[in-house]
Amino acid sequence: MIKNNILNLESISVRFSPHGPDVVDDISFGLEKGEIVGIAGESGSGKTVSMLSILGLLPQAIVKGSVKFNGTELIGAKNSILNKIRGKRIGLILQNPFTALDPMLNIGNQISEGLIADGCSMDKAKIQAINLLNEVGVPSPSQRIRDYPHQFSGGMRQRIVIAIALSQNPELLIADEPTTALDVRIQKQVMELIKRQCINRGMSLILITHDLGLISNYTDRVLMMYAGKIVEDSPSQKIFKDPLHPYSKGLLDCLPKLNDYNNDFLTTISGNPPQPNEFPSGCRFHPRCNYSKIDCQKDGHPPLIKYKWGRSGCIRVSELF
Amino acid sequence: MKTIIETNHLRKEFVLSYFPKRTILACDDINIKIKEGEVVGIVGESGSGKSTLALCMSKLIQIESGKIIFENKDISALNNKQMRPFRKNIQLIFQDPYSSLNPRMKVKDLIAEGIKIHKVLDDINKMDDYVLNVLEKVGLSSNDLNKFPKDFSGGQRQRIAIARALAVEPRFMICDEPVSALDMSIQAQIINLLKKLNNENNLSILFISHDLSVVNFLCDRVYVMQNGRIIESGKCIEIFNNPKELYTKELLSSSYLN
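If you're wondering where the values come from, they're calculated on a predicted model, not measured in any experiment. (Residues numbered from 1 in each chain as written. Chains lettered and ligands numbered in written order. Predicted model: local features only at pLDDT ≥ 70, side-chain atom pairs only at ≥ 80, totals over all residues.)

In this section: the overall build of chain B. When you go through chain B residue by residue, the secondary structure sums to 9 helices and 10 strands. The C-alpha radius of gyration computed for chain B amounts to 19 Å, which stays within 12% of the reference 18 Å derived for 258 residues, consistent with globular compactness. For the C-alpha atoms alone, the extent of chain B along its principal axes is close to 55 × 45 × 45 Å. Buried positions account for 46% of the 258 residues belonging to chain B. Taking all contacts inside chain B whose residues are at least 6 apart in sequence as the whole, residues at least 24 apart take part in 66%. (Helix = DSSP H or I, 4+ residues; strand = E, 2+ residues; numbered from the N terminus. Rg over C-alpha atoms; globule rule 2.2 N^0.38 Å. Buried ≥ 20, exposed ≤ 12 C-beta atoms within 10 Å, placed from the backbone. Contact = placed C-beta atoms within 7 Å.)

So this is what it looks like as structure tokens:
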């Protein structure tokens with residue numbers, strides 16, 4: 001792996017009971033400084049679980065493997081070590097701004113909470129909070145700092161959540177479906193804000209989403225997940241034109257195009273994504289795949305292999321793409 | 001082509017319960033016309049009154065003023081009892097298949113419920129065959145008859161919701177964001193199903209969504225709503241290629257992948 005990776009995952013597996021199935025199975029990838037990576041996949045594919053478990057935010061999860069954040073091992077680390085990293089060096093934005101904020105505290109307190117815990121004086125923290133609100137585009141921040149979350153709209157609340165995540169100047173931001181609860185118009189504003197902040201601060205971003213539109217517009221690289229496995233790792237510019245896995249190809253074909261006016265039916269992927277206790281043997285996508293052969297059903301899920309500009313988890317990649 | 005449903009100057013206000021003097025105007029002067037066999041889309045951001053309009057058109061809530069005309073009959077002033085014969089012909093599918101199905105009823109009972117109430121079948125003994133037939137139309141099988149909603153995934157539940165609506169052989173169906181809660185690969189399956197039903201049964205559909213690419217794919221015409229008003233309407237191809245209102249342009253630019 002390259003030296004200046006700020007985050008390195010090596011064969012991470014997550015399960016929720018000792019003899020249960022691996023919900024996330026043997027995923028590895030590295031994240032460079034300043035890189036924006038998208039993790040895409042359907043619900044239940046393990047996008048969120050993989051990210052939350054490396055931060056130690058899923059206490060009931062059994063995590064195997066190794067995660068190095070700037071050289072510090074995160075898996076199995078004590079809370080005293082994790083607490084110096086979580087929030088300070090890795091920021092987190094959660095999906096739902098309606099539940100991420102404490103309804104009993106005004107937003108000024110919530111933004112400055114982390115700063116004060118870090119040894120900042122009350123006055124300085126307040127000024128800092130106003131600056132942050134200004135930066136994320138909340139109008140008249142010096143008045144609104146005394147307002148409570150219910151006085152803000154969804155988009156504004158998500159901006160406040162972003163301000164909290166940014167308050168400690170993290171090196172890495174993990175955004176877990178940051179715009180799913182928001183409207184299309186607000187979604188664009190929020191995503192542009194996040195992207196701008198990443199570029200200004202030289203921050204890396206992991207964007208977890210199921211929206212391929214967001215991936216295409218805002219990320220450098222995309223990891224496509226299916227049934228707890230990464231099936232493709234490609235630059236975002238490439239995946240939409242030349243996907244390297246039948247699953248990515250299928251998903252892209254599913255989407256109706258805005259400039260498509262022939263009235264045929266959409267191509268679909270038949271069946272449903274599998275549940276963790278019924279993952280098929282071999283390639284996990286083979287029962288739904290149009291290109292599957294007998295070889296696809298053998299052994300475990302095929303590992304990611306380097307191909308052209310990315311990595312693909314399909315054993316027939318060189319024949320098909 | 002015959003007009004199946006139209007609204008004339010439809011208006012709906014909500015009175016805030018704690019401030020009875022303050023009202024919210026959810027639908028203002030709405031004029032919509034849907035022809036037989038047509039698929040019409042309504043787009044707009046949340047809070048623009050799309051869903052309220054759907055509830056008004058199906059008469060699940062009372063309207064303030066204006067008219068709703070269904071197959072040349074004014075249904076806007078009818079009470080619940082008088083409304084009953086029309087309910088069979090106006091069916092609704094809601095956004096969230098996790099909350100729109102009764103968790104304690106089996107699939108066959110869920111589907112048979114409407115058939116019994118509206119007396120669609122002359123011979124009640126044929127019920128099982130009829131239910132199975134409907135279920136197969138939406139792509140489920142006879143194994144599923146005795147299952148409960150919890151045994152199904154989101155996409156399959158939405159199919160059951162569609163089967164429930166189809167079972168009473170409606171003339172007009174309102175789909176209120178039917179694919180928003182579903183996964184990407186499942187969305188396409190449901191959209192194809194709606195399209196198939198429209199082609200085969202000549203069913204008129206009002207399709208509410210905030211996803212413009214889906215609307216563009218499925219619908220013939222589209223209405224754009226903002227703050228309870230229709231600000232733009234026309235053929236999909238015209239609106240999406242050449243939007244006139246700033247708001248429509250904004251909506252279009254925020255939907256990606258074009």
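We now examine the packing of helix α4 (residues 107-117) of chain A against helix α5 (residues 122-135) of chain A. Residue and element names in this part refer to chain A. At a minimum axis distance of 9 Å, the contact between α4 and α5 shows a crossing angle of 125°. Classified by the interaxial angle, the pair formed by α4 and α5 is oblique. The element α4 and its partner α5 pack so that their crossing is right-handed. Facing Gly108, Ile111, Ser112, Leu115 and Ile116 of α4, the residues of α5 in contact are Met122, Ala125, Lys126, Gln128, Ala129 and Leu132. Class assignment of the residues belonging to the contact of α4 with α5 gives a composition of 7 nonpolar, 3 polar and 1 charged. (Axes fitted to C-alpha atoms, helices over the stretch in contact; angles between N-to-C directions. Parallel < 35°, antiparallel > 145°, perpendicular 65-115°, else oblique. Left-handed = near helix turned anticlockwise from the far one by under 90°. Nonpolar A, V, L, I, M, F, W, Y, C, P; charged D, E, K, R; others polar.)

A separate point is the sheet that holds strand β6 (residues 90-93) of chain B. The pairing of strands in a sheet comes from backbone hydrogen bonds and takes either a parallel or an antiparallel form. Residue and element names in this part refer to chain B. Strands sit in the order β6-β7-β8-β3-β9-β10 across an open sheet of 6 strands; the sheet is mixed. Sheet topology places β6 and β10 (229-235) at the edges, where each strand pairs with a single neighbour. If you compare each strand with its neighbour and ignore which way they point, the axes differ by 20° on average. Pairing between strand β7 (residues 172-176) and strand β8 (residues 204-208): 5 bridges, direction parallel. (Pairing = 2+ DSSP bridges.)

Residue and element names in this part refer to chain A. Here 4 strands make up an open sheet; going across it, the order is β2-β1-β4-β5 and the pairing antiparallel. Looking at which strands have only one partner, the edges of the open sheet turn out to be β2 (22-32) and β5 (72-73). Where strand β1 (residues 5-15) and β2 come together, 7 bridges link them in antiparallel fashion. By the bridge assignment for β2, Leu9 is matched with Phe29. Contacts between helix α1 (residues 47-54) and the sheet are confined to β1, β2 and β4 (62-69), with β1 contributing the most and set at about 115° to the helix.

All right, on to the interface of chain A and chain B then. In this assembly, 28 residues from chain A lie in contact with 28 residues from chain B. Only α8 (184-201), α9 (212-218) and α11 (246-254) of chain A provide two or more residues apiece to the side of chain A that touches chain B. Here the residues of the side of chain A that touches chain B are counted per class, giving 12 nonpolar, 10 polar and 6 charged.

Right, let's get into the environment of Lys298(A). Residue placement: Lys298(A) occurs in the loop between α11 and β11 (305-307). A sequence separation of 16 residues divides Lys298(A) from Gly282(A), and the C-alpha atoms of the two residues are 4.8 Å apart.

Below, the discussion takes up the nonpolar core. Side chains of a nonpolar character, in soluble globular proteins, are inclined to be buried together. Core analysis: the largest hydrophobic core is formed by 159 residues, its most contacted members being Leu206(B) and Phe207(B). For this core, the element with the highest residue contribution is helix α7 (residues 154-166) of chain A, accounting for 8 residues. (Core = buried A, V, L, I, M, F, W, Y, C linked by C-beta atoms within 7 Å.)

Moving on, we get to α8(A). Residue and element names in this part refer to chain A. Look at α8: 26 Å from first C-alpha to last across 18 residues, which is about the 26 Å you get at 1.5 Å a residue. All of the buried residues in α8 are Val184, Ile186, Gln187, Lys188, Val190, Met191, Leu193, Ile194 and Cys198. Phi turns positive one or two residues past the end of α8, at Gly202, with a value near 65°. (Expected span 1.5 Å × (residues − 1).)

Residues and elements named next belong to chain B. In this sheet, strand β2 (residues 23-35) lies alongside strand β1 (residues 3-15) in antiparallel orientation, the contact comprising 9 bridges. Bridge pairing links Phe14 to Ile24 in β2. The pairing of β1 with strand β4 (residues 65-70) spans 5 bridges and is antiparallel. Bridge pairing in β4 links Ile5 to Phe70.

Here we come to the confidence of the model for chain B. If pLDDT is low for a region, its predicted coordinates should not be looked at in detail. In this model, chain B carries a mean pLDDT of 89, and residues with pLDDT of at least 70 account for 98%. Interface predicted TM-score (ipTM) for the complex: 0.79; the corresponding pTM is 0.84. (pLDDT = per-residue confidence, 0-100.)

Residues and elements named next belong to chain B. Put simply, helix α3 (residues 107-117) and helix α4 (residues 127-137) touch, their axes get as near as 10 Å, and they point 110° apart. Comparing their axes, α4 and α3 come out roughly perpendicular. Note on element contacts: α4 touches α3 through Met127, Tyr130, Val131, Val134 and Leu135, opposite Lys108, Ile111, Ala112 and Ile115. Split by residue class, the contact of α3 with α4 holds 8 nonpolar, no polar and 1 charged.

Despite not being glycine, Asp26(A) shows a phi value in the positive range, around 55°. Here Asp26(A) shows up in strand β2. Assessed through the 18 C-beta atoms surrounding it within 10 Å, Asp26(A) is described here as partly exposed. For Asn202(B), which is not a glycine, the phi torsion comes out positive at approximately 55°.

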